[in-house]
Amino acid sequence: MAILNILEFPDSRLRTIAKPVAVVDDGIRQLVDDMFETMYEAPGIGLAATQVNVHKRVVVMDLSEDRSDPRVFINPEFDILTDEVEQYQEGCLSVPGFYENVDRPQKVKIRALDRDGQPYELIAEGLLAVCVQHECDHLNGKLFVDYLSTLKRDRIKKKLEKLHKQNA
Ligand SMILES: [Zn+2]
């Protein structure tokens, strides 16, 4: 397994739209394993392949406190099941150090393939629903900062650009 480099906002590669996975083969399973290792090491609760500069529709997630609930979403899609929205303070491994409130539909039905390429469906509410929407956004080149005001987004962008320059 390998720790992968995580792209950070405002890196333009985060805006790439990921391609569907045609076959869930050993290469994809290797990517899934590397993404879990990268996510756990960060540490984070979700990671989309886009964030590690692999533009395939693959997401990993683990919302448990003891890393006991690894979830794999390959080619994920979701339908919104309610008009109700819920506000969560979201963060992102690609926007390190910033947490902001985002409104999202509270309940979704997810369809995806698992690590073996088997299709499954899942009704998600609460944090799981939020995370799935956040990670699906990544696969479409979208970030949670896109939901914020231009002022807030620009402030985050400037701070991260300054940090990136210092670390370069
Ligand atoms: Zn994210």
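So, here is what we can say about the structure in this document. Nothing here was measured: the structure is a model prediction, and the numbers come from that model. Numbering of residues starts from 1 in each chain and follows the order in which that chain's sequence is written. In keeping with the model being predicted, local features are shown solely for residues with a pLDDT of at least 70 and side-chain atom pairs are shown and tallied solely at 80 or more, while totals for entire chains, interfaces and linings include all residues. For the side-chain quantities, the full set of heavy atoms in the structure was used; hydrogens and water were omitted.

## Notes on the coordination of the zinc ion
- The protein atoms that coordinate the zinc ion are Cys-92 (SG), His-134 (NE2) and His-138 (NE2), at distances spanning 2.0 to 2.3 Å.
- Written as a sequence motif, the donor arrangement for the zinc ion is C-x41-H-x3-H. Highlighted residues: His-134 and His-138, both in helix 2 (residues 126-139), separated by 4 residues, approximately one helical turn. Of the two residues, His-134 and His-138, neither departs from the other in class, the shared state being buried. A donor here means any N, O or S atom no more than 2.8 Å from the metal (3.2 Å for Na, K and Ca); water is not included, so a site may seem to lack partners. For the purposes of this entry, the term helix denotes a DSSP run of H or I that reaches at least four residues, the term strand denotes a run of E that reaches at least two, and both are numbered from the N terminus. Classification of residues uses two cut-offs on accessible area relative to the type maximum, computed with a 1.4 Å probe and protein chains only: under 20% is buried, over 50% is exposed, and between them is partly exposed.

## Overview of the sheet that holds strand 2 (residues 58-61)
- The criterion for strand pairing is that DSSP finds at least two bridges linking the strands in question. Pairing within the open sheet is antiparallel, and its 5 strands lie in the order 1-2-3-6-7. Unpaired on one side and paired on the other, strand 1 (46-48) and strand 7 (119-125) mark the two borders of the sheet. Between one strand axis and the next, the sheet turns by 40° as a mean value, whatever way the strands run.
- Across 3 bridges, strand 1 lies against strand 2 in antiparallel orientation. Paired with Ala-48 across the bridge in strand 2 is Val-59.
- In this description, contact between two residues means that some pair of their heavy atoms is separated by no more than 4.5 Å. Only the contacting stretch of a helix is used when fitting its axis, a line to C-alpha atoms as for every element, and angles between N-to-C directions run 0 to 180 degrees. Across the sheet, helix 1 (residues 26-41) touches strand 1, strand 2 and strand 3 (71-80), and the angle it forms with strand 2 is around 40°.
- Taken strand by strand, helix 2 contacts strand 1, strand 2, strand 3, strand 6 (107-113) and strand 7, and its axis lies near 100° from that of strand 3.

## What to know about the side chain of Glu-135
- Secondary-structure assignment places Glu-135 in helix 2.
- In this structure, Glu-135 is buried with no salt-bridge partner, the nearest side chain bearing the opposite charge being Arg-104 at 8.5 Å.
- In this structure Glu-135 touches Gly-46, Leu-47, Ala-48, Gln-51, Val-59 and Met-61, once residues within four positions along its chain are discounted. We score Asp and Glu as negative and Lys and Arg as positive, and we do not count His or the chain ends. Salt bridges are defined by distance alone: a side-chain nitrogen of Lys or Arg within 4 Å of a carboxyl oxygen of Asp or Glu.

## What about the packing of aromatic side chains?
- Pairs were defined over the aromatic rings of Phe, Tyr and Trp, the Trp ring being its six-membered one, requiring ring centres within 6.5 Å. Orientation was assigned from the angle between planes: stacked under 30 degrees, edge-to-face over 60, tilted for the rest. Counted by the stated rule, this structure contains 2 aromatic pairs.
- Here Phe-36 and Tyr-40 contribute two aromatic rings whose centre-to-centre distance is 5.8 Å and whose plane-to-plane angle is 20°, an arrangement assigned as stacked. One end of the pair, Phe-36, and the other, Tyr-40, are both in helix 1, 4 residues apart, so they sit about a helical turn from each other.
- Taking relative accessible area as the criterion, Phe-36 reaches 11% and is therefore assigned buried.
- For Tyr-40, a relative accessible area of 16% puts it in the buried group.

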